[in-house]
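As a plain string of letters, each chain reads:
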Amino acid sequence: MREVSISTDYIALGQFLKLAEIIDTGGMAKAFLAEVPIQINGELDNRRGRKLYPGDEVAIEGYGRYQVVRP
């Protein structure tokens, strides 16, 4: 599981995808989320505004598993 560190209290799913280097720009988030299944803490979710908090686990089909952490 790869860790993605954030410096704020939470991060939106669309921003997370960019920070984790899964997509190149924020504009790609909507199309990516429409095509690729994503599970957050075991539940499917494709809302790019979904807030992710430290400790949340994100599983992206074809890309792997990630955990949101705070330094």
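Residues numbered from 1 in each chain as written. Predicted model: local features only at pLDDT ≥ 70, side-chain atom pairs only at ≥ 80, totals over all residues. Heavy atoms only, no water.

Participant: Which residues make up the sheet that holds strand 6 (residues 57–60), and what values do they have?
Facilitator: Judged by pairing direction, the sheet is mixed, and its five strands sit side by side in the order 1-7-6-3-4 without closing on themselves. Both outer strands of the open sheet, strand 1 (2–5) and strand 4 (43–44), are each paired with one neighbouring strand and no more. For strand 1 and strand 7 (residues 64–69), the ladder comprises four bridges, and the chain directions are parallel. Bridge assignment links Val4 to a residue of strand 7, and that residue is Val68. (Pairing = 2+ DSSP bridges. Helix = DSSP H or I, 4+ residues; strand = E, 2+ residues; numbered from the N terminus.)

Participant: Describe the environment of Leu52, and please don't skip the residues or the numbers.
Facilitator: Position of Leu52 among the secondary structure elements: in strand 5 (residues 51–52). Residue Leu52 is classed as buried on the basis of its relative accessible area, which comes to 0%. Separated by 26 residues in sequence, Leu52 and Gly26 place their C-alpha atoms 16 Å apart. If near-sequence neighbours (up to four positions away) are discounted, Leu52 is found in contact with Ile6, Asp9, Tyr10, Ile11, Leu13, Phe16, Ile40, Val58 and Val68. (Buried < 20%, exposed > 50% of the residue type's maximum accessible area, 1.4 Å probe, protein only. Contact = heavy atoms within 4.5 Å.)

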